[in-house]
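Below, each chain spelled out in residue letters.
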Amino acid sequence: MIEQRAVRRFAPTRAGIINLWDYRDEEFLFVDGWLVLRGPNGSGKTKALEVLFPYVLDGRIEPRRLNPFASEDRTMKSNLLYRGQDVAHSYVWLEFGNGESYVTVGIGLRAHRHVDRVTRWHFVTDGRVGVDFSLLDADDRPLTRRDLINQLGAEAVKDSPEEHRQLVDSRLFGLGPARYEQLLDLVLTLRKPQLAKDLNPVELSRTLQRGLRPIEDHLLVEAARSFDDMEAVARTLEGLAAADGATAAFLTVYSTYLRTHARAAADLLTARRDAIAGRSRALTEARQEATAAGEAEEAADTALRTVEGEPGRLRAHLDRLKSSAAYQSHEQLADLERHVHDLAEAVGRAGRSVADEQTATTRRRGEWEQAVTAARDARAAADRLAAELLLDAEAAGIDWSADDNAAGGLATRLGARAGARRDDVRAVREQASRHAQAERDQIRAAAEATAAADALTDAEQAEQRAEKTVSDARAHVRADLDRWARQHGDLLPHLDQPDLAMQLADAADAAGEPGAPTPAGAVRGRDRAGGAPAPGPARRTQRPADGGDRPPGRAGRRTRSDRR
């Protein structure tokens, strides 16, 4: 990239004219290097340009070079002796500053009524007029050359214009003799009044080009390297645009794939969760049945132990009865028979009860074994389903571990993880929807930008046509005024309006500008003034510059300095 270097350049800050023409001690202030001179005709705007730019910079005193209109009717001597003095000393100066230091460039002049040549001396010094040094002595008269040398030193004061130009160039510009002359020619070209009236674009372009500083070789090399970098950036941008298009197309397809795959995985997970819930319920019921069978087996074992001693007891009792005396008794025989019969029936009933209990115990033992087998199968199925659940959770991107397969809270954990996954799928869908909306907004913004560019182009074309129309109208009006002035110009002095044609031409040239008067307004303004010429600068009491009392008050007219 081209290095950006901050250069603090000198810019004009003040200018002054002392004891020249109608200026006694006039100071002009620049704002950010700009100066605007405003005032009626004859107030001294052209004279200020004549004696300041570029005279202070080159020291050439030829009338055609001094006068912006290239006229030779007024010399520098006539400017110095404007008030009718015999001898006059004058100064014109320019002050330049860069924010840290100030340099003052000026020219002193001396004219005598009986000497045609104007004596000049030039100075370039650091400091400011009125702050670090003064161009007026204690009696408020302009300094002579000797007094100036005593104040600034001999090195700062030069008699030759060539030495002055060289000193100004080396102190302020650093252009060299040839390019400094080109700069002065450019100032003269741009100082020309009514520059746009007879403007030659080709010649103006050549003049501006001659005033440009040559481009350094390393800047050209850096600019060429920057163009190469711009081409590389353009190629990279094209690649990025293609990648963006491919990514957008892939996202469109991949979003559909993700939605389908996520839906299928969610449906599969829901089905497997329902299957796990059903098998969990079957396992719980099998465990309950196994517990009930164990309890029934324990009750049957208790009843079996209870009835196992009953036959022996009954046999012993029968033997005791048979050996008893009563058994021998006939009377007790029937009772004993009946009792034996009852005991036999009781034994039969007890035997049948024992057989039934043994049968029930056998059946319950078989049911218990079946329940144990079913519980073992259910546990194996649950472990297999847990392993499948872990694999399915990994495939679906759900955080799931072996500890999460515990029976306690399994349905709650499954619901929470499935809900989180559904939220992720919903977020992906929302992102895809926002991406599509952003693409639509981009297309709409591009269309609006194109429409705005077209509207701007139409407005610029309309403005150019309007400017051409105004320029043509001004040219036609000026041609009509010139023709009318040639036909009736000899009548204007008799009407006490000799410059009416010039005023109408100025009003026509300024027509359309903000605040410009109309031709009728210009004529009315002249009539109200009583046909008198435009007011000039106020006359001061004349006196020789090198003697006599000075009228009170040093304040001259101040030409307003406005920011451009």
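What counts and how
Residues numbered from 1 in each chain as written. Predicted model: local features only at pLDDT ≥ 70, side-chain atom pairs only at ≥ 80, totals over all residues. Heavy atoms only, no water. Helix = DSSP H or I, 4+ residues; strand = E, 2+ residues; numbered from the N terminus. Buried < 20%, exposed > 50% of the residue type's maximum accessible area, 1.4 Å probe, protein only. Contact = heavy atoms within 4.5 Å. Areas by Shrake-Rupley, 256 points an atom, 1.4 Å probe, with all protein chains shown as cover. Axes fitted to C-alpha atoms, helices over the stretch in contact; angles between N-to-C directions. Parallel < 35°, antiparallel > 145°, perpendicular 65-115°, else oblique. Left-handed = near helix turned anticlockwise from the far one by under 90°. Nonpolar A, V, L, I, M, F, W, Y, C, P; charged D, E, K, R; others polar. Core = buried A, V, L, I, M, F, W, Y, C linked by side-chain atoms within 4.5 Å. Salt bridge = Lys/Arg side-chain N within 4 Å of Asp/Glu carboxyl O. Phe/Tyr/Trp six-rings, centres within 6.5 Å; stacked < 30°, edge-to-face > 60°. Lys NZ or Arg CZ within 6 Å of the ring centre and 35° of its normal. pLDDT = per-residue confidence, 0-100. Patch = residues over 30% accessible without salt bridge, like charges linked within 9 Å, V, L, I, M, F, W, Y side chains within 5 Å. Pairing = 2+ DSSP bridges. Polar contact = N/O pair within 3.5 Å; in protein donor to acceptor, adjacent residues only side chain to side chain.

A few words on the overall build of the protein chain. The number of helices and strands found in the protein chain is 15 helices and 6 strands. Taken over 564 residues, the protein chain has a buried fraction of 26%. Of the contacts formed within the protein chain by residues at least 6 apart in sequence, a portion of 61% connects residues at least 24 apart. For the protein chain, the accessible surface area stands at approximately 36200 Å², while carbon and sulfur atoms represent 55% of it.

Close contact between helix 9 (residues 217-307) and helix 13 (residues 410-488) brings their axes to 11 Å; oriented N to C, the two are set at 165°. On the basis of the axis angle, helix 9 is roughly antiparallel to helix 13. Both helix 9 and helix 13 take part in a crossing whose hand is left-handed. Facing Ala248, Leu251, Ser255, Leu258, Arg259, Ala262, Leu269, Arg273 and Ile276 of helix 9, the residues of helix 13 in contact are Leu410, Leu414, Gly415, Ala418, Val425, Val428, Arg429, Ala432, His435 and Glu439. Tallied by class, the residues present in the contact of helix 9 with helix 13 amount to 12 nonpolar, 3 polar and 4 charged.

A separate point is the nonpolar core. In terms of nonpolar packing, the biggest core is built from 33 residues, with Ile17, Leu52, Met76, Leu80, Val92, Val105 and Leu109 touching the most fellow members. Counting residues per element, this core draws most heavily on strand 4 (residues 102-112), at 5 residues. Leu143, Leu152, Ala156 and Val157 belong to the second-largest nonpolar core, a separate cluster that totals 14 residues.

Moving on, we get to unusual backbone geometry. Of note, the bond from phenylalanine 53 into proline 54 is cis; its omega dihedral lies within 30 degrees of zero at -5°. You can see proline 54 is positioned in the loop between helix 1 (45-52) and helix 2 (55-58). In this structure, asparagine 19 takes a positive phi of about 60° despite not being glycine. Inspection of the secondary structure assignment puts asparagine 19 in strand 1 (residues 11-20). We note that aspartate 140 has phi near 65°; this positive angle belongs to a residue other than glycine.

This structure, assessed with the given rule, holds 19 salt bridges. Of the charged contacts in the structure, one is a salt bridge between glutamate 27 and arginine 14, with a shortest N-O distance of 3.4 Å. Here glutamate 27 is found in strand 2 (residues 23-29), whereas its partner arginine 14 is found in strand 1, with 13 residues between them in sequence. Looking at arginine 14, the relative accessible area reads 9%, which means it is buried. Close ionic contact of aspartate 423 with arginine 426 constitutes a salt bridge, the shortest N to O distance being 2.6 Å. You can see aspartate 423 and its partner arginine 426 sitting in helix 13, 3 residues apart, about one turn around the helix. We classify aspartate 423 as partly exposed; its relative accessible area is 42%. Of the residues examined, arginine 426 reaches a relative accessible area of 42% and is grouped as partly exposed. Salt bridges sharing common partners tie together Asp58, Arg60, Arg65, Glu162, Arg165 and Glu181.

What follows is about the packing of aromatic side chains. Applying the stated rule across the entire model yields 10 aromatic pairs. Their ring planes at 75° and their centres at 6.1 Å tell us that tyrosine 23 and phenylalanine 28 sit as a pair that is edge-to-face. Using a relative accessible area of 3% as the deciding quantity, one classes tyrosine 23 as buried. Centroid distance phenylalanine 173 to tyrosine 180: 5.7 Å. Interplanar angle 40°. Geometry classified as tilted. One aromatic cluster is present, formed by Trp21, Tyr23, Phe28 and Tyr82 through successive ring pairs. If you follow arginine 128 out to its NZ or CZ, it ends over the ring of tyrosine 102, 4.3 Å from the centre.

Moving on, we come to the confidence of the model for the protein chain. In regions of low pLDDT, the predicted coordinates are not meant to be interpreted in detail. The predicted model of the protein chain averages 79 in pLDDT, with 81% of residues at 70 or higher. Segment residues 529-564: pLDDT under 50, and 74 contacts once partners within four positions in sequence are set aside and those in other chains are kept.

Now for a nonpolar patch on the surface. A contiguous nonpolar patch, built from Phe250, Leu251, Tyr254 and Tyr257 and spanning about 400 Å² of accessible area, is present on the exposed surface. By the element assignment, leucine 251 lies in helix 9.

On to the sheet that holds strand 5 (residues 115-126), then. Strand pairing in a sheet takes place through backbone hydrogen bonds and is either antiparallel or parallel in direction. Spatial strand order, 2-1-3-4-5-6: 6 strands in an open sheet with antiparallel pairing. Taken across any chain shown, the strands that pair with only one partner, and hence form the sheet edges, are strand 2 and strand 6 (157-158). In the packing of helix 1 onto the sheet, the strands contacted are strand 1, strand 2 and strand 3 (87-97), and the crossing angle to strand 1 comes to about 105°. Relative to the sheet, helix 6 (residues 161-173) contacts strand 3, strand 4, strand 5 and strand 6, its axis offset from that of strand 5 by approximately 20°.

Another point: the environment of arginine 305. With respect to the helices and strands, the residue arginine 305 is situated in helix 9. Arginine 305 sits 49 residues away from valine 354 along the chain, and the two C-alpha atoms are 9.9 Å apart.

Let us now look at the side chain of asparagine 98. Along the chain, the position of asparagine 98 falls in the loop between strand 3 and strand 4. Looking at asparagine 98, its side chain comes within polar contact range of the main-chain nitrogen of glutamate 100, at 3.0 Å. For asparagine 98, the side chain forms a polar contact with the main-chain nitrogen of serine 101, separated by 2.9 Å. Beyond its immediate stretch of four places on either side in the chain, asparagine 98 contacts Arg8, Arg9 and Phe10.

On to the side chain of lysine 77. Within the secondary structure layout, lysine 77 lies in helix 4 (residues 76-80). When near neighbours in sequence (up to four residues on either side) are disregarded, lysine 77 contacts Ala111, His112, Arg113, Val115, Asp116 and Val118.

Below, the discussion takes up the pairing of strand 1. Counting buried residues along strand 1, 8 of its 10 residues qualify, which places the element largely inside the surrounding structure. Examined bridge by bridge, strand 1 and strand 3 share 7 bridges and lie antiparallel to one another. Following the sheet pairing, glycine 16 is matched in strand 3 by tryptophan 93. Two elements, strand 1 and strand 2, share 6 bridges in a ladder whose sense is antiparallel. Looking across to strand 2, one finds that isoleucine 18 is bridged to aspartate 25.

Before going further, it helps to spend a moment on the environment of alanine 111. With respect to the element layout, alanine 111 can be found in strand 4. As a C-alpha pair, alanine 111 and serine 78 span 33 residues in sequence and 8.9 Å in three-dimensional space. Excluding its chain neighbours within four sequence positions, the residues that come into contact with alanine 111 are Lys77, Leu80, Leu81, Asp86, Val87, Ala88 and Val118.

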